[in-house]
Amino acid sequence: MKKLKDLISSIELLEVKGSTDVQIHAVHLDSRQVDANSLFVAISGHQSDGHAFIAQAESQGAVAVLCHEMPEEVSDSVVYLKVENTARCLGIIASVFYDNPSLDVNVVAVTGTNGKTSVATMLYNMFRFMGHKAGLISTIKYSIDGQDFHSSHTTPHAIRIQELLAQMKEAGCSHVFMEVSSHAIDQQRIAGLNFKGAVFTNISHDHLDYHADFKEYLYTKKKLFDQLSSNAFALYNRDDKNGAVMVQNCKASKYSYSLKSV
């Protein structure tokens with residue numbers, strides 16, 4: 001359980017209706033999963049708008065709603081919080097709810113059109129072989145030091161990411177290797193995460209069914225490296241001409257690898 005006022009202490013609120021001095025036992029973005037004393041986060045996605053399900057969430061016990069548009073009808077028993085970007089705020093809130101696990105575990109992101117799963121899995125296996133407890137978040141599976149779980153997405157939603165990291169922290173994992181897709185970056189699923197480093201494999205003209213064009217796809221990937229701190233590292237493929245683009249103006253320590261380039 002966390003106080004709502006503590007969960008939202010790091011986000012900018014545009015409007016508040018009700019008292020934030022309430023206890024929250026769970027955070028949900030799917031109204032079907034909401035139960036008593038939950039915070040429901042309404043996100044406008046590509047397929048549906050969470051704002052359309054606020055009433056359902058309230059009927060199932062939500063005591064707080066985070067939204068970017070206030071509902072026309074409000075309840076005196078529910079706290080309403082309006083923000084500019086609910087998807088980004090969800091990641092920050094989820095991190096606080098699970099006690100900011102990425103501050104205590106070395107989380108390394110792996111991104112690129114091809115090779116994410118292979119690289120993340122090899123790193124996970126290598127670190128375990130060297131005697132480290134490690135975690136894996138990938139397209140194929142989620143693993144907590146040898147214990148495997150079903151994977152539903154390349155990069156799960158923000159709440160699931162933080163839940164997994166909290167479980168990995170509790171299991172004593174020192175490192176976590178995580179695939180990060182361009183969809184996840186664009187949809188703010190990695191908001192609230194502290195990355196120790198990021199690896200770029202390559203980029204090609206795939207996924208343009210989601211991104212408007214290749215330039216948008218490229219610069220969406222670059223956002224991952226833009227958020228790295230000076231205490232992190234950035235490792236990029238020098239054989240890919242866009243590898244250097246990824247680390248332009250990046251604060252992290254930069255390293256490269258290649259088979260052909262010098």
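For the structure itself, look to the data block above.
Residues numbered from 1 in each chain as written. Predicted model: local features only at pLDDT ≥ 70, side-chain atom pairs only at ≥ 80, totals over all residues. Heavy atoms only, no water.

Visitor: So what exactly am I meant to see when it comes to the layout of surface pockets here?
Guide: One simple way to see leftover space: roll a probe sized like a water molecule over the atoms. Quantified by volume, the largest pocket comes out at close to 1,100 Å³. Along the walls of the largest pocket sit 35 residues, with L29, I43, G45, S48 and Q187 positioned nearest its centre. Secondary-structure elements contributing two or more residues to the lining of the largest pocket are strand 5 (38–41), helix 3 (86–97) and helix 5 (158–170). Here the residues of the lining of the largest pocket sort into eleven nonpolar, 18 polar and six charged. (1 Å grid on protein atoms, 1.4 Å probe; cavity = no way out; pocket = protein on both sides within 12 Å on 5 of 7 lines; lining within 4 Å. Points joined across faces, edges and corners; volume = space filled by probe spheres on them. Helix = DSSP H or I, 4+ residues; strand = E, 2+ residues; numbered from the N terminus. Nonpolar A, V, L, I, M, F, W, Y, C, P; charged D, E, K, R; others polar.)

Visitor: Help me understand helix 4 (residues 116–129), please; the structure alone is not making it clear to me.
Guide: In an α-helix, one full turn covers 3.6 residues, which means residues spaced three or four apart are oriented alike. Under the 1.5 Å per step criterion, the end-to-end length of helix 4 is 20 Å for 14 residues, consistent within 8% with the ideal 20 Å. Looking only at helix 4, the buried set comprises K116, T117, A120, L123, Y124 and F127. An end-on view of helix 4 places all buried positions within 140° of arc, on one side of the element. Exposed residues on helix 4 whose side chains face more than 90 degrees from its buried face are M122 and F129. Looking at the packing, one finds that the buried side of helix 4 touches strand 8 (106–111), strand 9 (134–137), strand 10 (141–144) and strand 12 (175–179). The positive-phi residue at the C-terminal boundary of helix 4 is G131, with phi of around 100°. (Expected span 1.5 Å × (residues − 1). Buried < 20%, exposed > 50% of the residue type's maximum accessible area, 1.4 Å probe, protein only. Arc of directions from axis to C-beta. Contact = heavy atoms within 4.5 Å.)

Visitor: Honestly, the nonpolar core in this entry has me stumped. Any pointers?
Guide: Here is a general trend for soluble globular proteins: nonpolar side chains tend to be buried in one another's company. M178, F195, L224, F225 and L228 are the most contacted members of the largest nonpolar core, which totals 35 residues. Of all elements in the fold, only strand 8, strand 10, helix 5, strand 12, strand 13 (195–200), helix 7 (214–226), strand 14 (233–237) and helix 8 (243–246) reach the threshold of two or more residues within this core. No other element matches the five residues that helix 7 contributes to this core. Excluding residues within four positions of it along the chain, F195 makes contact with V107, A109, M178, V180, I190, L224, Q227, L228 and A232. Formed by 23 residues, the second largest nonpolar core is a distinct cluster that contains L39, A64, L66 and C89. (Core = buried A, V, L, I, M, F, W, Y, C linked by side-chain atoms within 4.5 Å.)

Visitor: I keep staring at the sheet that holds strand 15 (residues 253–257) and nothing clicks. Help me out?
Guide: The strands that make up a sheet pair up through hydrogen bonds in the backbone, lying either parallel or antiparallel. Strand order in this open sheet of eight strands is 11-10-9-12-8-13-14-15, and the pairing throughout is mixed. Of all the strands in the sheet, the pair left with one neighbour each is strand 11 (147–150) and strand 15. Each strand of the sheet is rotated relative to its neighbour by a mean of 20°, with strand direction disregarded. Direction of pairing for strand 10 relative to strand 11: antiparallel, over a ladder of four bridges. Within strand 11, the residue paired with K141 across the bridge is H150. Against the sheet, helix 4 engages strand 8, strand 9, strand 10, strand 12 and strand 13, with an angle of about 170° to strand 12. (Pairing = 2+ DSSP bridges. Axes fitted to C-alpha atoms, helices over the stretch in contact; angles between N-to-C directions.)

Visitor: Can you help me understand the sheet that holds strand 5 in this one?
Guide: Spatial strand order, 2-7-6-5-4: five strands in an open sheet with mixed pairing. Edge positions in the sheet fall to strand 2 (15–17) and strand 4 (26–28), since each of these pairs with one other strand and no more. Here the strands of the sheet are splayed against their neighbours by 15° on average, with no regard to which way each runs.

Visitor: Sorry, what's going on with the packing of helix 3 against helix 5 here?
Guide: Axis separation between helix 3 and helix 5 bottoms out at 8 Å; the angle between their running directions is 25°. As summarised for this structure, helix 3 and helix 5 are arranged roughly parallel, according to the angle between their axes. Our pair here, helix 3 against helix 5, has a crossing hand that is right-handed. Listed contacts from helix 5 to L90, G91, A94 and S95 of helix 3 are A158, I159 and Q162. (Parallel < 35°, antiparallel > 145°, perpendicular 65-115°, else oblique. Left-handed = near helix turned anticlockwise from the far one by under 90°.)

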